[in-house]
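Chain by chain, the residues:
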Amino acid sequence: MKAKITARKGNVISKIDDRIYGSFIEHLGRAVYGGIYEPTHPTADDKGFRKDVMELVKQLKVPVVRYPGGNFVSGYNWEDGIGDKSRRPRKMELAWSSVETNEVGIDEFQEWTKRAGASVMMAVNLGTRGPDEARNLVEYCNSETDTYYANLRRENGFEKPFGIKLWCLGNEMDGPWQICSKTPEEYGRTAYETAKVMKMVDPSIELVVCGSSGMGMPLWGEWERTVLRHTYDHVEYLSLHSYYNNFANDTPLFLAQSLNMDKFIKKTIAFCDEIKAEKRSNKTIYLSFDEWNVWFHSGEKDQKVKRWSVAPPLLEDEYTFEDALLVGCLLITLLKNADRVKIACLAQLVNVIAPIMTETGGAAWAQTIFYPFLHASTHGRGTALTTACECGTYSAGDLQAVPYVETIATLSEDENSLTVFAVNRSLCEACTLDLRLEGFEDYHAVSHTALECDDLKAINTAENPYAVSPIEKPLGDEIVLAPKSWNVIVFEKN
Ligand code: AHR
């Protein structure tokens, strides 16, 4: 099989916003306790953060981490997680039927993100709470005034504001599972009033308003339009969430799911622009794909977890090699839409549907999906180039013309390196690339890294952490993508 890939210097989709490589830590399962934080762990630092986990997180170079939820945030009182730890309340956490000890809150999490080289993307509770608690939290985090919440932060040991720039107005407020979910009208009004008071406290913040929790939601479209009619002038981003599964155990169909992500993005852009036209606005709403991943492996195990325990093992998906291939396709899809998708968060970061797994008290290791994310975050910065790919196609389910090769080229900011990312979806045929990199005649290939594996269901475990890990391919006259493979080909200027 052959694929002709054409990219031209100057023919750009957009500058890539670094925040497209964001991630997410929710107070859920062992993401926080036993994940990023475990004071009794042999690698714990002076604040109780696991250094082995921190090391892996740093490799991923996540610029922004969404926190503290997720469904969790809709029942959360942020005041429970600040100040003297010995006085923090243990609470019934209703979203995941767990006990929240509040040992970690925003005081600790902002410190953790600093150490990880990232910044916080903070969500406010628009479920059980509303504008008042949200504006108080903005004051606590960002204000330098001599006023109650800013002074409370100082009393808790933080003279300088945390300076959190990016805020989410609640989480998945359309979902019936959400604590105090809302109709589009109810949410639109609340989000509008909350946005106003949050920006009165700190006009420099950026806001993400909730879109539908998925393309399959009954109000998808109507929700976006109604919510944006209320909030258009007060927010910068609209959120999208989507998780993919292979319950059908149909790999070609599963690997084609990035086409659904693309459709979700394109339609959501259309909803945003419809309201832009309706309002005769010059402002463009950008997208925050702030939950995306594969999620389906852990369902049965989750049913057996004891209710009302602290940090139970929930949503601990063990990712297979084929999951990594889809994650590669999804990353390419986000890059292809870099003109409108400015923020994206791989959900989540540690233990909970995550690229990094740990044993409480034991090892930390990279799951299969860690690698495509690592490669894209490392090499996929700068500019996304319009990349045409002529190759064979197949049909899967109701998806027609699924290209065997999913690809995009990116050019680094200094223009010294050009990277071609490519997934070969074919399960049996290798693919030889006919690469037409126009305007890049003075560049030469310096590496071809690939993720290949005979076993689509192979996983990494504590005992065998490198079962699925990248290999360096020899560079020859031709670049060949192995059947079922993720590939990163880097070119440098001579
Ligand atoms: O990421 C896991 C959960 O998925 C989040 O809490 C919620 O927002 C979504 O439904």
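Residues numbered from 1 in each chain as written. Predicted model: local features only at pLDDT ≥ 70, side-chain atom pairs only at ≥ 80, totals over all residues. Heavy atoms only, no water.

Draft legend 1. View of the overall build of the protein chain. When its secondary structure is counted, the protein chain shows eleven helices and 23 strands. The principal-axis extents of the C-alpha atoms in the protein chain amount to approximately 65 × 60 × 45 Å. Residues counted as buried form 61% of the 494 residues belonging to the protein chain. Side-chain charges of the protein chain comprise 53 positive and 70 negative groups, with the mean position of each set lying 3 Å from the other. (Helix = DSSP H or I, 4+ residues; strand = E, 2+ residues; numbered from the N terminus. Buried < 20%, exposed > 50% of the residue type's maximum accessible area, 1.4 Å probe, protein only. Lys, Arg positive; Asp, Glu negative; His and termini not counted. Charge placed at Lys NZ, Arg CZ, Asp CG, Glu CD.)

Draft legend 2. Representation of helix α8 (residues 257-278). When the terminal C-alpha atoms of α8 are compared, their 32 Å separation across 22 residues agrees well with the 32 Å that a helix rising 1.5 Å per residue should span. Taken together, the buried positions of α8 are occupied by Q257, S258, N260, M261, F264, I265, T268, I269, F271, C272 and I275. A positive backbone phi angle near 50 degrees is found at R280, which sits one or two residues after α8. (Expected span 1.5 Å × (residues − 1).)

Draft legend 3. Broad picture of the pattern of salt bridges. All chains considered together, the criterion is met by 33 salt bridges. A salt bridge links R66 to E291, with the nearest nitrogen and oxygen atoms 2.9 Å apart. Placement of the pair is R66 in strand β3 (residues 64-67) and E291 in strand β10 (residues 286-294), with a sequence separation of 225 residues. Overall, R66 belongs to the buried group, its relative accessible area being 1%. Here E291 falls in the buried class, since its relative accessible area comes to 4%. (Salt bridge = Lys/Arg side-chain N within 4 Å of Asp/Glu carboxyl O.)

Draft legend 4. Geometry of the domain arrangement of the protein chain. As assigned here, the protein chain comprises domain 1 (2-8 + 386-493) and domain 2 (17-381). For domain 1 and domain 2, the distance between their C-alpha centroids amounts to 29 Å. With 44 residues of domain 1 in contact, the opposing surface of domain 2 contributes 35 residues. The contact between domain 1 and domain 2 buries some 3100 Å² in all, and 71% of this surface belongs to carbon and sulfur atoms. Across the pair K457 and E322 runs a salt bridge, and its minimum N-O distance is 2.6 Å. On inspection of domain 1 and its partner domain 2, the count reaches 13 residue pairs in polar contact (both at pLDDT 80 or more). Elements represented by at least two residues in the side of domain 1 that touches domain 2 include exactly β15 (393-396), β16 (399-403), β17 (405-411), β18 (417-424), β20 (443-452) and β23 (485-493). (Domains from an automatic or database assignment. Contact = heavy atoms within 4.5 Å. Buried area = accessible area lost by both parts, 1.4 Å probe. Polar contact = N/O pair within 3.5 Å; in protein donor to acceptor, adjacent residues only side chain to side chain.)

Draft legend 5. Spotlight on the packing of aromatic side chains. Scanning all chains against the criterion turns up 22 aromatic pairs. Look at Y37 and F49: their rings are 6.1 Å apart centre to centre, the planes differ by 70 degrees, and that puts the pair in the edge-to-face class. Taken as a pair, Y37 in the loop between β2 (22-24) and α1 (51-60) and F49 in the loop between β2 and α1 lie far apart in primary sequence, twelve residues in all. Each member of the pair, Y37 together with F49, is buried. With 5.4 Å between their ring centres and 80 degrees between their planes, W220 and F271 make a pair best called edge-to-face. Taken together, the residues W220 in the loop between β8 (206-209) and α6 (222-231) and F271 in helix α8 connect sequence positions 51 residues apart. For F271, a relative accessible area of 11% gives the class buried. Through a chain of ring-to-ring contacts, three or more aromatic side chains come together here, namely W78, Y140, Y148, Y149, F158 and F162. The aromatic ring of F24 is capped on one face by R66, whose charged end is 4.7 Å from the ring centroid. (Phe/Tyr/Trp six-rings, centres within 6.5 Å; stacked < 30°, edge-to-face > 60°. Lys NZ or Arg CZ within 6 Å of the ring centre and 35° of its normal.)

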